[in-house]
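Examination of the molecular architecture
The lines below spell out each chain.
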Amino acid sequence: MNAKNNERVYRMSVASVYPHYIAKAEKKGRSKAEVNTIISWLTGYNEEELQRVLHDKTDFETFFANAPKMNPNVSKITGVICGYRVEEIDDKVIQQVRYLDKLIDELAKGKAMEKILRS
């Protein structure tokens with residue numbers, strides 16, 4: 001990815017992408033609650049904090065910078081998303097966005113929550 005695309009992702013609001021995460025999950029018989037569980041596992045945001053992020057239209061850069069506690073098991077998230085190996089992405093924010101994309105993909109593919117949450 002180039003710097004211009006990265007900057008665009010940094011400024012994109014979580015609220016603008018969140019409905020797509022929900023739709024992707026629900027289309028495959030999964031739930032909004034499961035999407036929220038994944039977001040909470042990854043970032044440490046609780047339900048109330050997540051709702052505030054969505055309401056305030058917080059951008060991805062701020063969302064991850066202010067995350068209460070990034071999960072220590074994020075390094076266990078591996079594989080390809082959008083043609084990039086998530087474990088090889090150098091840009092921290094882009095990597096975190098792709099981690100979230102990868103987890104939502106796994107949910108939509110029917111993977112068990114224990115596996116998605118690397119338990």
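Residues numbered from 1 in each chain as written. Predicted model: local features only at pLDDT ≥ 70, side-chain atom pairs only at ≥ 80, totals over all residues. Heavy atoms only, no water.

A closer look at the overall build of the chain
Scanning the chain from terminus to terminus reveals 7 helices and 2 strands. The secondary structure elements of the chain, listed N-terminal to C-terminal, are α-α-α-α-α-β-β-α-α. Rg of the C-alpha trace for the chain: 13 Å, near the compact-globule value of 14 Å for 119 residues, within the 12% margin. When each of the 119 residues of the chain is scored for burial, the buried share is 47%. Intrachain contacts of the chain at a sequence separation of at least 6 include 65% that bridge at least 24 residues. About 6500 Å² of surface is accessible on the chain, with carbon and sulfur atoms providing 51% of the total. On the chain, the mean spot of the 20 positive side-chain charges and the mean spot of the 17 negative ones are 5 Å from each other. (Helix = DSSP H or I, 4+ residues; strand = E, 2+ residues; numbered from the N terminus. Rg over C-alpha atoms; globule rule 2.2 N^0.38 Å. Buried < 20%, exposed > 50% of the residue type's maximum accessible area, 1.4 Å probe, protein only. Contact = heavy atoms within 4.5 Å. Areas by Shrake-Rupley, 256 points an atom, 1.4 Å probe, with all protein chains shown as cover. Lys, Arg positive; Asp, Glu negative; His and termini not counted. Charge placed at Lys NZ, Arg CZ, Asp CG, Glu CD.)

Here's the deal with the nonpolar core
Formed by 37 residues in total, the largest nonpolar core has its most connected members in Val35, Ile38, Leu42, Phe60, Phe63, Ile77 and Leu100. Those elements that provide at least two residues to this core are helix H1 (3-11), helix H2 (14-27), helix H3 (32-43), helix H4 (47-55), helix H5 (60-65), helix H6 (92-108) and helix H7 (113-116). Top element by residues in this core is H6. It accounts for 8 residues. Not counting chain neighbours up to four residues away, the residues in contact with isoleucine 38 comprise Leu100, Leu103, Ile104, Leu107, Met113, Ile116 and Leu117. (Core = buried A, V, L, I, M, F, W, Y, C linked by side-chain atoms within 4.5 Å.)

Thoughts on the packing of H2 against H4
Relative orientation of the contacting elements H2 and H4 amounts to 115°, with a least axis distance of 8 Å. Contacts between H2 and H4 involve Val14, Ala15 and Tyr18 from the first element and Leu50, Val53 and Leu54 from the second. For the contact of H2 with H4, the per-class residue count stands at 6 nonpolar, no polar and no charged. (Axes fitted to C-alpha atoms, helices over the stretch in contact; angles between N-to-C directions. Nonpolar A, V, L, I, M, F, W, Y, C, P; charged D, E, K, R; others polar.)

Considering the packing of aromatic side chains
As enumerated under the stated definition, the model contains 4 aromatic pairs in all. A centroid spacing of 6.3 Å and a plane angle of 90° characterise the contact between phenylalanine 60 and phenylalanine 63, whose relative ring orientation is edge-to-face. Here the residue phenylalanine 60 and the residue phenylalanine 63 both occupy positions in helix H5, the gap between them amounting to 3 residues, near one helical turn. Assessed through its relative accessible area of 1%, phenylalanine 60 is described here as buried. Between the aromatic rings of phenylalanine 60 and phenylalanine 64, the centroid separation amounts to 6.2 Å while the plane-to-plane angle is 20°, which identifies the pairing as stacked. (Phe/Tyr/Trp six-rings, centres within 6.5 Å; stacked < 30°, edge-to-face > 60°.)

A closer look at the pattern of salt bridges
This structure, assessed with the given rule, holds 10 salt bridges. With its nearest N and O atoms 4.0 Å apart, the salt bridge here joins arginine 52 to glutamate 48. Taken together, the residues arginine 52 and glutamate 48, both in helix H4 and 4 residues apart, mark about one turn of the helix. The class for arginine 52 is partly exposed, based on a relative accessible area of 44%. Here arginine 118 makes a salt bridge to glutamate 106, at a shortest N to O gap of 2.7 Å. Separated by 12 residues along the polypeptide, arginine 118 in the segment after H7 and glutamate 106 in helix H6 bring together distant segments of the chain. (Salt bridge = Lys/Arg side-chain N within 4 Å of Asp/Glu carboxyl O.)

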